[in-house]
Amino acid sequence: MGKNKQTSLNYEFLDGEIAICFFVSLPAEYFSHIMTDFLEQLNDSQREAVTYCEGPALVIAGAGSGKTRVLTYKIAYLLKQGYKPWTILALTFTNKAAREMKERIATITGGAIADQLWMGTFHSIFARILRIEAERIGFSSNFTIYDAADSKNLLKAIIKEMQLDDKTYRPGMVQSRISNAKNALITCKAYEQNKELVEGDIHAKIPLLRDIYTRYQNRCLQAGAMDFDDLLLQTNILFRDHPDVLAKYSQRFQYVLVDEYQDTNFAQHLIIKKLCEASRRICVVGDDAQSIYSFRGANIDNILQFRNQYPGCRIFKLEQNYRSTQNIVNAANSLINKNKEQIPKTIYSEKEVGSKLRVLSLYSDYEEAYAVASSVGRMSAAKGYRFSDFAILYRTNAQSRLLEEAFRKRAIPYKIYGGLSFYQRKEIKDIIAYFRLIVNPHDEEAFKRVINYPARGIGETTVNKLIAAAVIADTSLWNVLASPAEYAVPVNAGTLKKLSAFRALMEPFIAQRDTLDADELATLVVKESGLLQLLAQDRSTEGISKYENLQELLKGIVEFCQLHREEGSEQVRLVDFLSEVSLLTDQDDTREESTDKVTLMTVHAAKGLEFRNVFVVGLEEDLFPSPMAKDNLRAIEEERRLFYVAITRAEENCTLSYAKSRFRNGQTQMCSPSRFLRDIDLRYLDVDGLTTASTSETQIRRPIDTPRPAFRSPLQQTPPPTFKRVETPRPTPAAASSPSTGPLQTGMRVSHERFGEGVVLAIEDTGNNAKATVAFDNFGTKQLLLKFAKLKIVE
DNA sequence: GGCCGGGGCATTTTT
DNA sequence: TGCCCCGGCC
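Just so it is clear, the structure is predicted and the values come from calculations on it, not from any experiment. (Residues numbered from 1 in each chain as written. Chains lettered and ligands numbered in written order. Predicted model: local features only at pLDDT ≥ 70, side-chain atom pairs only at ≥ 80, totals over all residues. Heavy atoms only, no water.)

1. Points about the pattern of salt bridges
Right, so step 1: Following the criterion strictly, the structure yields 46 salt bridges and no others.
Right, so step 2: Between R314 and E48 there is a salt bridge, with the nearest N and O atoms lying 3.9 Å from each other. Residue R314 is found in strand 8 (residues 314-318), and its partner E48 is found in helix 2 (residues 44-51); the two are separated by 266 residues along the sequence.
Right, so step 3: Taking the relative accessible area as the measure of exposure, R314 reaches 37% and is therefore partly exposed.
Right, so step 4: R573 is paired through a salt bridge with D576; the nearest N and O atoms lie 3.5 Å apart.
Right, so step 5: The exposure class of D576 is buried, given its relative accessible area of 7%. (Salt bridge = Lys/Arg side-chain N within 4 Å of Asp/Glu carboxyl O. Helix = DSSP H or I, 4+ residues; strand = E, 2+ residues; numbered from the N terminus. Buried < 20%, exposed > 50% of the residue type's maximum accessible area, 1.4 Å probe, protein only.)

Put into structure tokens, the structure is as follows:
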């Protein structure tokens, strides 16, 4: 953690007290010579997009077309035109994107100027504004940001309190419906009054959803908390109800740039629109072909309709792909052209023609995993690729397991994206909950987390009593804790004592939250709360790792403080650290050791990345496209875009694979190849029709009892005769069993490619059917057909 | 409070 | 099949 330099908390700019700021804006001449240089580094369409600043601009940036370059150069260009850095607002979707862009701008303009830009994620920028304007909308500027887990927990609690069936009102479903409502700017009040929604819920047999929404919102308010969606919803409310505030910011932000515009939702669209309505100085960059987040509320219409929303807008298309070979670009084009709703564009590559996309057809998911792992092994050995040049992309996380196994067996190093991030670990969330409670004592979720951790004899029953009292009095848990008698909490004297002890623990922290620096206060808290001790005394492997994580977090806070001191902050408060940390997630985990490993991730997670070699696996109906998208054209088009994103990650080689059977949800299912394979023009494909042979190991482990069908192209009704075998030939059974095997006898010690070493217990049959029973050291006893198993005699 | 076992369930997840 | 969540038990 901690290497994130993106958020600077210099609110001073907002209040016009620039004089007290550390930074000095340099005259434009200072970097004008650099500017001339880099304008020449752009192609014509990039340069046009960069230098057009007179009105609304939509930049359609195809995959690999140098989008970030355009954005960063455009910002540099604006600075050169005389825009002050703090009048430029640049919005991204990820912290990583913001950080990278800021770093690139810093190389042109210097860090001092880059740091003054308003550049960050939608959520972090508007959280910052909301903290400044909090009182206007009835919040404290110390408000907590609930993450997805917090809001789900709260919803669970509410559903329970309302004594509703959590099978009918599934927290996840409730959460996503509320989220959708918020993204569409439907407040709970509006929801209750919206006939269509209410009737829809009645029809869906969840009539009380509106009540859950209202309660949830009320609880967030009591807790002084906003969830991720609230950050955008409340910003809209702020701008709607306080024209003076809107005026202030729309005047402040002289130029607004938005990255990944295809992923914006309605709430984001409207914020931007309000800010730019008067100035019309807006430039949005995106690629409708890469819109893959509709399930999170993203609305592709925002980019498709931009020209109508901003009359007189100019459209720039970046159509040259600098990333991939021609075959890859052409294949991707032929795929995406099957979509109806899109902005016409012609992406092309001037790189070499390159290899065709390989299509692998395998019998099972096992074989697919092994084929991919073998292929990676072969390619890295033959062509000198590093393992980090490879990515394996899949539709669902569940597919990673077999791949992982296959890579492990082949001793190929890999890393999987998509696990729990640092900040989602329990021990980290627990510590942060303390920080949260100190900054905002009304934070209900933080309260519930820490009240009895470490254990101090305040159990669920007591907490439930506190909650009940808080709900009745319409106040926060902390207020109830502060005066249990006043709120008539029915607890005995012993419990009362424990409660006041907890309060006595927290109050000194709270009193010092604005005077101590974050690192000092944090250290104090982990010591005094008993957390440090609790984790330190757990000597289990898990416990040790938790303790290390705690140390890591503390280290991160120290670094955070140092960084901000260097940037000129006199004091770095805990709230400053928290407001940054609550908006960090997975991708921001910069602690990752950068060793040479194959990357395994979902296609979604791969967006924005590139690899020399990409494998897209599991291209089957009911997997990719997802079965959920089946009977919905828009959803199928989104799945197709997802596949487009996958293919366009590849620079040199792209391999597509599918299995004919797959073990899923507890049973083996037969699968047919994805319709998307048929969408790609055959000219760009190498269909591996003949390589249907399985590896010997998998055959023995999972015999395929159905007779092998005669080869038929999955992609065409009749296979064109030009299909050729693209796999390197596998050893034939005869070859496999010959020289090294020799006469095998019971008691011999043998070695197997995958199972390692073992002892032969028995040999049955002869010739073609000969099999051996081998007790492997690490894999148990297995029966192996000698014609397939490449057993080597060890001694 | 923590551990175990049964049952239900099973996309994607930038903040 | 395997994971997660809940409920029951110690």
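2. Here's the deal with the packing of helix 7 (residues 148-161) against helix 11 (residues 209-222)
Right, so step 1: In the contact formed by helix 7 and helix 11, the axes pass within 10 Å of each other and the chain directions differ by 125°. Between helix 7 and helix 11, the crossing angle belongs to the class labelled oblique. Considering how the two elements wind past one another, helix 7 and helix 11 form a crossing that is right-handed. Listed contacts from helix 11 to S151, L154, L155, I158, I159 and E161 of helix 7 are I212, R215, Y216, R219 and C220.
Right, so step 2: Split into classes, the residues belonging to the contact of helix 7 with helix 11 amount to seven nonpolar, one polar and three charged. (Axes fitted to C-alpha atoms, helices over the stretch in contact; angles between N-to-C directions. Parallel < 35°, antiparallel > 145°, perpendicular 65-115°, else oblique. Left-handed = near helix turned anticlockwise from the far one by under 90°. Contact = heavy atoms within 4.5 Å. Nonpolar A, V, L, I, M, F, W, Y, C, P; charged D, E, K, R; others polar.)

3. Notes on the pairing of strand 2 (residues 88-92)
Right, so step 1: Counted residue by residue, strand 2 has five buried out of five residues, so it is predominantly covered.
Right, so step 2: Of the two faces of strand 2, the one carrying I88, A90 and T92 and the one carrying L89 and L91 are both buried.
Right, so step 3: In the sheet, strand 2 pairs with strand 6 (residues 255-258) via four bridges, with the strands oriented parallel. From the neighbouring strand, L89 faces strand 6, where its bridge partner is V256. (Pairing = 2+ DSSP bridges.)

4. Observations regarding the confidence of the model for chain A
Right, so step 1: Mean pLDDT over chain A stands at 83; residues scoring 70 or higher make up 82%.
Right, so step 2: Confidence over residues 1-25 falls short of pLDDT 50; this stretch has 71 contacts with residues more than four positions distant or in other chains.
Right, so step 3: In the model, residues 690-742 has pLDDT below 50 throughout and makes 89 contacts with residues more than four positions away in sequence or in other chains. (pLDDT = per-residue confidence, 0-100.)

5. Observations regarding the sheet that holds strand 2
Right, so step 1: With parallel pairing, the six strands of this open sheet are ordered in space as 3-2-6-7-1-8. The open sheet has two free edges, formed respectively by strand 3 (118-121) and strand 8, since each of these has just one partner strand. The mean angle between the axes of side-by-side strands here comes to 15°, regardless of whether they run parallel or antiparallel.
Right, so step 2: Those strands touched by helix 3 (residues 67-80) are strand 1 (57-61), strand 2, strand 3, strand 6, strand 7 (282-286) and strand 8, and its axis lies near 170° from that of strand 6.
Right, so step 3: Each of strand 2, strand 6 and strand 7 touches helix 14 (residues 266-276); the most contacted strand, strand 6, lies at about 160° to it.

6. Some words on helix 12 (residues 228-241)
Each turn of an α-helix holds 3.6 residues, which means side chains three or four residues apart point in the same direction.
Right, so step 1: Over its 14 residues, helix 12 extends 20 Å from the first C-alpha to the last, a length consistent with the 20 Å expected when each residue adds 1.5 Å.
Right, so step 2: Extensive coverage of helix 12 is indicated by the burial of eleven of its 14 residues.
Right, so step 3: Buried residues of helix 12: D229, D230, L231, L232, L233, Q234, T235, N236, I237, L238 and F239, and no others.
Right, so step 4: At the N-terminal end of helix 12, a side-chain oxygen is found 3.0 Å from the backbone nitrogen of D229, two or three residues along, and the residue is D227. (Expected span 1.5 Å × (residues − 1). Polar contact = N/O pair within 3.5 Å; in protein donor to acceptor, adjacent residues only side chain to side chain.)

7. Concerning the nonpolar core
Right, so step 1: Judged by nonpolar contacts, the single largest core of 70 residues is most densely connected at F126, I212, I272 and L275.
Right, so step 2: The element best represented in this core is helix 6 (residues 122-133), accounting for seven residues.
Right, so step 3: One finds Y434, W478, V491 and L521 within the second-largest nonpolar core, a separate group that totals 56 residues. (Core = buried A, V, L, I, M, F, W, Y, C linked by side-chain atoms within 4.5 Å.)

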